2 protein chains.
Amino acid sequence: MKKITIGDAARQSGVKVPTIRYYESIGLLAAPSRSEGNQRSYEVSDIRRLAFVRHARELGFEVDAIRALLTLQDDPHQSCASADAIAKARLIEVEQRIRSLTALKAELETMVEGCCHGRVDQCRVIEILADHGQCMHDHH
Amino acid sequence: MKKITIGDAARQSGVKVPTIRYYESIGLLAAPSRSEGNQRSYEVSDIRRLAFVRHARELGFEVDAIRALLTLQDDPHQSCASADAIAKARLIEVEQRIRSLTALKAELETMVEGCCHGRVDQCRVIEILADHGQCMHDHH
DNA sequence: TCTTGCACCTCTAGTGACTAGAGGATGTAG
DNA sequence: CTACATCCTCTAGTCACTAGAGGTGCAAGA
């Protein structure tokens, strides 16, 4: 067995070194074996697990959701209904978030277009922020 | 002058009571005068300022950006170029965020569609998360 | 007048998901 | 053998709040 240091694990998985230690501390990754000199020594399966976590984090899953997904992954004979439910819930969140960001974008565009490029007292950026009544969008 | 309690200020501005005290502590809102019994007493202008902050926060501006906008608002004779720049920067952020969330949405849809509703070892939700190489979108 | 009960006060600590830094040990290349 | 990178643990900081403890102020009903 070749030993994978935490630095190599970080490079291969794309998860930063302190973050790997953090994941270990919150129980997302099992504590690996140690070398003579007390340095962490990872297996290839740990790298895969880290890559899984990283990808899920990039997709915006919370650590608790990832923990649930990892539990499923560890026991591949159970039903995937939970994984499906987690992904679906996240999809709904994402759709909602896109809707509200799109409304927000329109509002920011109005602000920027309305900027007179002159003095603050004629500027719609400040004006729109100051008066929520001018906000037509129900992004909030 | 009628005195506005912190509770009324919260109701009128939509900013929660502890959040108002927090904003005071970080210098976003000046410390108001106090009643005999040491209770905060706000002016109408404070309510407006709080509503301004709330709206800007809802639009996703960070507290530091809001601090800059408030400084501009306090001196309406200066150029609005800074306000414009802050709003434009936020607009770019929002557009970027929408793009990456849209890519993410597509990926989540692939996951959910690919779910066999059977066992985990045939489930694309887990599979796609486990293998980032299957992710075609450069949302990250 | 008393009491009930809500709203207010300050202060500390917790949240999520890390990130930064101190201070020291280990491992490797020249 | 000596640099120097990498590793170790531990604590504290980030952001924008939120929660809770423990105590005070105040207005209305009995």
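Everything below is about the structure shown above.
These lines cover the structure that appears in this document, whether it is placed above or below. (Residues numbered from 1 in each chain as written. Chains lettered and ligands numbered in written order. Predicted model: local features only at pLDDT ≥ 70, side-chain atom pairs only at ≥ 80, totals over all residues. Heavy atoms only, no water.)

## Section: the relation of the copies chain B and chain A
Then step 1. When chain B is fitted to chain A, the residual RMSD is 0.1 Å, and the transformation amounts to a turn of 180° plus an axial shift of 0.0 Å. The two molecules are tied by a two-fold rotation axis, judged by turn and shift. Distance from the rotation axis, computed per C-alpha, reaches its smallest value in chain B at Ile98(B): 2.9 Å.
Then step 2. Looking at the interface residues of chain B, 100% of them are also at the interface in chain A, so both copies use one shared face. (Least-squares fit on C-alpha atoms with pLDDT ≥ 70 in both. Contact = heavy atoms within 4.5 Å.)

## Digging into unusual backbone geometry
As a rule of thumb, non-glycine residues mostly have phi less than zero, and peptide bonds are mostly trans rather than cis.
Then step 1. The residue Asn38(A) is not glycine, and still its phi comes out positive at about 70°.
Then step 2. Mapping Asn38(A) onto the fold places it in the loop between strand 1 (33-34) and strand 2 (40-41). (Helix = DSSP H or I, 4+ residues; strand = E, 2+ residues; numbered from the N terminus.)

## Considerations on the interface of chain B and chain A
Where the parts come together, the accessible area they lose is often given as the size of the interface.
Then step 1. Across the boundary between the two partners, chain B contributes 52 residues, which contact 52 residues of chain A.
Then step 2. Of the roughly 4,500 Å² buried between chain B and chain A, counting both surfaces, carbon and sulfur atoms make up 76%.
Then step 3. Linking chain B to chain A there are 0 salt bridges.
Then step 4. Between the two partners, chain B and chain A, sit 1 residue pair in polar contact (both at pLDDT 80 or more).
Then step 5. Top contributing element to the side of chain B that touches chain A by residue count: helix 5 (residues 81-114) of chain B, with 19 residues.
Then step 6. When the residues that make up the side of chain B that touches chain A are grouped by side-chain class, the tally is 28 nonpolar, 11 polar and 13 charged. (Buried area = accessible area lost by both parts, 1.4 Å probe. Salt bridge = Lys/Arg side-chain N within 4 Å of Asp/Glu carboxyl O. Polar contact = N/O pair within 3.5 Å; in protein donor to acceptor, adjacent residues only side chain to side chain. Nonpolar A, V, L, I, M, F, W, Y, C, P; charged D, E, K, R; others polar.)

## Thoughts on the protein's contact with DNA strand D
Then step 1. In the vicinity of DNA strand D lie 18 residues, with Gly7(A), Arg21(A), Arg40(A), Tyr23(B) and Arg57(B) positioned nearest.
Then step 2. Each atom of DNA strand D within 4 Å of the protein belongs either to a base or to sugar and phosphate, the latter forming 89%.
Then step 3. Arg34(A) places a polar side-chain atom, nitrogen or oxygen, 2.9 Å from a phosphate oxygen of DNA strand D.
Then step 4. Gln39(B) places a polar side-chain atom, nitrogen or oxygen, 3.5 Å from a sugar or linking oxygen of DNA strand D.
Then step 5. If you list the elements that add at least two residues to the surface near DNA strand D, you get helix 1 (6-13) of chain A together with helix 2 (17-25) of chain B.
Then step 6. Counting residues per element, the surface near DNA strand D draws most heavily on helix 2 of chain B, at 3 residues.
Then step 7. Of the residues that constitute the surface near DNA strand D, the class distribution is 4 nonpolar, 8 polar and 6 charged. (Near = heavy atom within 4 Å.)

## A closer look at the protein's contact with DNA strand C
Then step 1. Around DNA strand C, 18 residues are found, and the nearest of them are Tyr23(A), Arg57(A), Gly7(B), Arg21(B) and Arg40(B).
Then step 2. Here DNA strand C approaches the protein such that, of its atoms within 4 Å, sugar and phosphate make up 87%.
Then step 3. Interatomic distance of 2.9 Å between a side-chain N/O atom of Arg57(A) and a phosphate oxygen of DNA strand C.
Then step 4. Between a phosphate oxygen of DNA strand C and a side-chain N or O atom of Arg34(B), the distance comes to 3.0 Å.
Then step 5. Residue assignment for the surface near DNA strand C shows that the elements contributing at least two residues are helix 2 (17-25) of chain A together with helix 1 (6-13) of chain B.
Then step 6. Counting residues per element, the surface near DNA strand C draws most heavily on helix 2 of chain A, at 3 residues.
Then step 7. Partitioned by chemical class, the residues of the surface near DNA strand C number 4 nonpolar, 8 polar and 6 charged.

## A short note on the packing of helix 4 (residues 63-74) of chain B against helix 5 of chain B
All names here are of chain B.
Then step 1. In contact at an axis separation of 9 Å, helix 4 and helix 5 are set at 155° when each is read in the N-to-C sense. In terms of orientation, helix 4 lies roughly antiparallel with respect to helix 5. Crossing handedness for the pair helix 4 and helix 5: left-handed. Note on element contacts: helix 5 touches helix 4 through Ser82, Ala83 and Ile86, opposite Ala65, Ala68, Leu69 and Leu72.
Then step 2. Residues belonging to the contact of helix 4 with helix 5 are distributed by class as follows: 6 nonpolar, 1 polar and no charged. (Axes fitted to C-alpha atoms, helices over the stretch in contact; angles between N-to-C directions. Parallel < 35°, antiparallel > 145°, perpendicular 65-115°, else oblique. Left-handed = near helix turned anticlockwise from the far one by under 90°.)

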